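# Secondary and tertiary structure notes
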Amino acid sequence: MTLLFEKNDSQLGLKRIIIDIYLKHSSRAATYNMNLDQFYTRWFYTVRDDQGQDGSFLSQPGYSSAGGHKRYGLWWLAGVGVIVPWQVYQQYGDLGLVRKQYPSMVRFMNYLERKTTNYIQTSYVLPLQFGLFNEENKPKAVRHLLETVKASNYCLTTGFVGTPYICLVLSDAGHPEEAYRMFLNSEYPSWLFPVKQGATTFWERWNSYTLKNGFGPVSMNSFNHYAYGAIEEWMMSHCLGIQRDEQQPGYKHILLQPEVSDSLRYAKGGFETMYGHVTSEWEHVDGGYTYHAVVPANTTATLSLVAPSAKAVTITTGAKIAKNVGYKAGKAIYTLPAGTYSFMVKE
């Protein structure tokens, strides 16, 4: 990925990166494309310097509040100093940033305790993502979310806050096909609608430009605005199934859980971890599907493959070192040391 730049920042001496590093929206997705550990570490000096005495954050760290840039206590701005450091720690295993940022994190959370803000947007997605429903109400919330998704004909009705999470929530709730339908939808508003209008970057609005009506309103109409690109997190973690083990940050131990779907013929991808390149790939073939993975040196992985039975899976590459450890909830489970593996799953 080529980083997208705009809006000159005179104090930082560089331009603000539109991967929205000051929000959770893209902090994890961005790490799949470039090693940002040191970038975030340096940038958080500015975030901490700009934090208000009351614990709030600037809308754009690095700018003076006297210049018209607002201070935010909005809970979703917690991504500035709370969620992003956690994402960096989990992606790179670097505890140093969390140690330096922790006092600032506490100040912001104390600030939130003194303030209350009522938001109704993405009212099902956010509580489900952050585990706010109890076991009794969670199934009801999932059901209502599915109703709203179907009522919108699988179009997105969320904004910058809810959009990064909606496919994650659907998949995690056991509805990956609904996540795929939203991901592949090309009607307005959706991720593929701008593509049909000729987009080659992520836009600030789904309809920043349309073939029918031309350019949208000038206000808030950036054509280099990465926030909606946070869908890459779902593409990596669910479509390809490359999940991190939060007990072993930095992908020291990798969870491979691909969500194979008839909505796509194949899916292939990967990214650089602190130990090397991890790859996950699946493809439909006659009679089933194939799966291929590369586990980096000095790491291990646990692979879960959807299969009608353990006997339906054949290891075609790496059989001597891959170990089947069981079959549970419709998935054949394997432990994998570093290496290259291929599987055939008969359906």
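This report concerns the structure included in the present document.

Parameters and conventions
- Residues numbered from 1 in each chain as written.
- Predicted model: local features only at pLDDT ≥ 70, side-chain atom pairs only at ≥ 80, totals over all residues.
- Heavy atoms only, no water.
- Helix = DSSP H or I, 4+ residues; strand = E, 2+ residues; numbered from the N terminus.
- Polar contact = N/O pair within 3.5 Å; in protein donor to acceptor, adjacent residues only side chain to side chain.
- Contact = heavy atoms within 4.5 Å.
- Patch = residues over 30% accessible without salt bridge, like charges linked within 9 Å, V, L, I, M, F, W, Y side chains within 5 Å.
- Areas by Shrake-Rupley, 256 points an atom, 1.4 Å probe, with all protein chains shown as cover.
- Salt bridge = Lys/Arg side-chain N within 4 Å of Asp/Glu carboxyl O.
- Buried < 20%, exposed > 50% of the residue type's maximum accessible area, 1.4 Å probe, protein only.
- Lys, Arg positive; Asp, Glu negative; His and termini not counted.

### Here we look at the side chain of glutamine 91
In this structure, glutamine 91 sits in helix H3 (residues 83–92). Polar contacts involving the side chain of glutamine 91 include one to the side chain of arginine 244, which spans 2.8 Å. Not counting chain neighbours up to four residues away, the residues in contact with glutamine 91 comprise Arg28, Thr31, Tyr32, Arg244, Gly250, Tyr251 and Met274.

### Here we look at a nonpolar patch on the surface
A cluster of nonpolar side chains, namely Leu184, Leu192 and Val195, defines an oily patch on the protein surface of about 210 Å² accessible area. Checked against the element boundaries, leucine 184 lands in helix H8 (residues 176–184).

### Some points on the pattern of salt bridges
Scanning the entire structure with this criterion turns up 4 salt bridges. Here glutamate 233 and arginine 28 are joined by a salt bridge, their closest N and O atoms 3.4 Å apart. Remark: arginine 28 occurs in helix H1 (residues 27–31) and glutamate 233 occurs in helix H10 (residues 231–239); sequence separation between them is 205 residues. Glutamate 233 gets classed as buried once you look at its relative accessible area, which sits at 5%. A relative accessible area of 7% means that arginine 28 is categorised as buried. Put simply, glutamate 246 and arginine 244 hold a salt bridge, and the shortest N to O gap is 3.9 Å. Given the relative accessible area of 7%, arginine 244 is considered buried.

### Structural notes on unusual backbone geometry
Glycine aside, negative phi is the norm for most residues, and most peptide bonds take the trans geometry. The omega torsion of the bond from tyrosine 188 to proline 189 falls at -10°, within 30 degrees of zero and hence cis. If you trace the backbone, proline 189 turns up in the loop between H8 and helix H9 (193–196). Phi is positive for tyrosine 251, which is not a glycine, with a value near 65°. With respect to the helices and strands, tyrosine 251 occurs in the loop between strand S7 (242–244) and strand S8 (253–256). Given a relative accessible area of 0%, tyrosine 251 falls into the buried group.

### Digging into the side chain of aspartate 37
Relative to the helices and strands, aspartate 37 resides in helix H2 (residues 37–50). Although aspartate 37 is buried, it makes no salt bridge; lysine 100 carries the closest opposite charge, 9.4 Å away. If we ignore the near neighbours within four places in the chain, the residues touching aspartate 37 are Val88, Tyr92 and Asp94.

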